[in-house]
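# Inside the fold
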2 protein chains.
Amino acid sequence: MPHDQPLSRIQTRNRRVILDAALEEFAAAGFAGVTLDRIAAAAGLSKPNLLYYFASKEAIYTALLDDLLDLWLAPLRDLDPAGDPQAEILTYVRKKLALSQSHPRESRLFANEVLQGAPRLGPVIAGPLAQLVADRAALIRGWAEAGRIAPVDPHHLIFSVWALTQHYADFEAQVRAVLGPAHDPYAEAGPFLETLYRRLLAV
Amino acid sequence: MPHDQPLSRIQTRNRRVILDAALEEFAAAGFAGVTLDRIAAAAGLSKPNLLYYFASKEAIYTALLDDLLDLWLAPLRDLDPAGDPQAEILTYVRKKLALSQSHPRESRLFANEVLQGAPRLGPVIAGPLAQLVADRAALIRGWAEAGRIAPVDPHHLIFSVWALTQHYADFEAQVRAVLGPAHDPYAEAGPFLETLYRRLLAV
DNA sequence: GTCTATACTCTGATAGAC
DNA sequence: GTCTATCAGAGTATAGAC
């Protein structure tokens, strides 16, 4: 796409189709494990046509990452300083788990990127993401110091929410294989995590 | 290596050097992201020589995976039915976290594999691994029913240990970027996880 | 056991017709 | 905007000398 004009309807639609197909592929195989042929086939376009919409494979990948962060951090951003601390954190956990269930491909894309040292997302993580976490950690620390939740390391509390919720998307293959087909991972994870954080934070 | 003879000293050594170099590369870039050239360079061998020791890139990768599982599951296997339930689980968490710290490459290799749907490890996960988890879950359930730990879903308790400990290896790039250079992730994670599981399991 | 040279395939990207 | 044809480079693996 050589020009910077506003996108036509067909352009918007094709870009969306390409990104959706690419998300599927990149999440399943990582950046290097995906070929333009596969993305093109999944999107129902020819390879040169794909490259008419995005300059390169890299450009498709970074477009996906760019779209990801806002969605990914929204639940943490939503923590309300004026709300009830325990309820706020439980709501955060619930939203984050729901995000794993509704957007597992995004979760795996993100996991792939960080696992490989965040070569493309590094600056964003060290910048805006770290900034948001610092801000929210301060909020949580305040709640703990006021005795409204049990004392807890706020940074590692946030890490625990990421780890526990994203695990169900990122390690889905393992979770399902271990639990067997009779279990519904997310239906069980909800109550488990609710119990865990209630007991962790109870004053 | 065409023959099935016992390995000479030099063969044993070169196989080890190759596997060590390959672990580094595969953990960092995933199966598809690694070239034989990179592994050969890291191992200090020529590419054809590499292929003298392993039939293919695939063979190197699966050799690594084969070596992985015993190490990975040892702490869970160590759970002692005769021990104190809370102490046993806390010891498990401690060992698993220590494993993340001492073997982050193995953790990331495993994460990469499962993230991509466990194409090669699938049968092992659905078989021996699931069997071990079922066994240990029964043990933990017994402890809970006897009132020796608080009521908790044993499968998801085990998942939580995996998620919380492996997170520090798999998402190390993010953890370090968020905490900044002044923090020591593992030194902080130990007490945090200890507190978390004490509160979760206290009767 | 180890190397140089090379065969062959796949893949990202471009040219140019329509 | 989309396609066919194609190039250049990278990558796995093998042949064969030493």
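Residues numbered from 1 in each chain as written. Chains lettered and ligands numbered in written order. Predicted model: local features only at pLDDT ≥ 70, side-chain atom pairs only at ≥ 80, totals over all residues. Heavy atoms only, no water.

- Per an unreviewed UniProt entry, chain A goes by TetR family transcriptional regulator and derives from Paracoccus sanguinis.

### Focus: the relation of the copies chain A and chain B
- Superposing chain A onto chain B requires a rotation of 180° together with a translation of 0.0 Å along the rotation axis, leaving an RMSD of 0.1 Å. What the rotation and shift describe, once combined, is the action of a two-fold rotation axis.
- Take the interface residues of chain A: 100% of them recur as interface residues in chain B, which is what a same-surface contact looks like. (Least-squares fit on C-alpha atoms with pLDDT ≥ 70 in both. Contact = heavy atoms within 4.5 Å.)

### Considerations on the packing of aromatic side chains
- Applying the stated criterion across every chain yields a total of 16 aromatic pairs over all chains.
- Ring centres 5.8 Å apart and planes at 10° place the aromatic pair B:F26 and B:F31 in the stacked group. Residues B:F26 and B:F31 agree in their burial class; the two are buried.
- Members of the aromatic cluster, joined through ring pairs, are A:F159, A:W162, B:Y168 and B:Y186.
- Here A:K96 stacks its cationic end above the ring of A:W72, 4.3 Å away from the centre of that ring. (Phe/Tyr/Trp six-rings, centres within 6.5 Å; stacked < 30°, edge-to-face > 60°. Buried < 20%, exposed > 50% of the residue type's maximum accessible area, 1.4 Å probe, protein only. Lys NZ or Arg CZ within 6 Å of the ring centre and 35° of its normal.)

### Quick notes on the protein's contact with DNA strand D
- Near DNA strand D, the surroundings consist of 17 residues, among which A:Q11, A:S46, A:Y53, B:L36 and B:K47 are the closest.
- The sugar-phosphate portion of DNA strand D accounts for 62% of its atoms within 4 Å of the protein, the bases making up the rest.
- A distance of 3.1 Å separates a sugar or linking oxygen of DNA strand D from a polar atom in the side chain of A:N49.
- B:K57 is positioned such that a nitrogen or oxygen atom in its backbone is 3.0 Å from a phosphate oxygen of DNA strand D.
- When residues of the surface near DNA strand D are traced back to their parent elements, those giving at least two are α1 (9-29) and α3 (47-53) of chain A together with α3 (47-53) of chain B.
- Residue composition of the surface near DNA strand D, by class: eight nonpolar, seven polar and two charged. (Near = heavy atom within 4 Å. Polar contact = N/O pair within 3.5 Å; in protein donor to acceptor, adjacent residues only side chain to side chain. Helix = DSSP H or I, 4+ residues; strand = E, 2+ residues; numbered from the N terminus. Nonpolar A, V, L, I, M, F, W, Y, C, P; charged D, E, K, R; others polar.)

### Some points on the interface of chain A and chain B
- Taken residue by residue, the interface counts 50 residues in chain A and 50 residues in chain B.
- For the chain A and chain B pair, buried surface summed over both sides reaches about 4300 Å², with 71% attributable to carbon and sulfur atoms.
- The three residues of chain A that bury the most area against chain B are A:L115, A:H156 and A:R199, which together make up 18% of that side's buried surface.
- Applying the counting criterion to the chain A and chain B interface returns zero salt bridges.
- Linking chain A with chain B are ten residue pairs in polar contact (both at pLDDT 80 or more). (Buried area = accessible area lost by both parts, 1.4 Å probe. Salt bridge = Lys/Arg side-chain N within 4 Å of Asp/Glu carboxyl O.)

### Some points on the nonpolar core
- By size, the foremost hydrophobic cluster in this structure holds 142 residues, and its most contacted members are A:F26 and B:F26.
- Excluding residues within four positions of it along the chain, B:F26 makes contact with B:F31, B:V34, B:I39, B:K57, B:I60, B:Y61, B:L64, B:L109 and B:N112. (Core = buried A, V, L, I, M, F, W, Y, C linked by side-chain atoms within 4.5 Å.)

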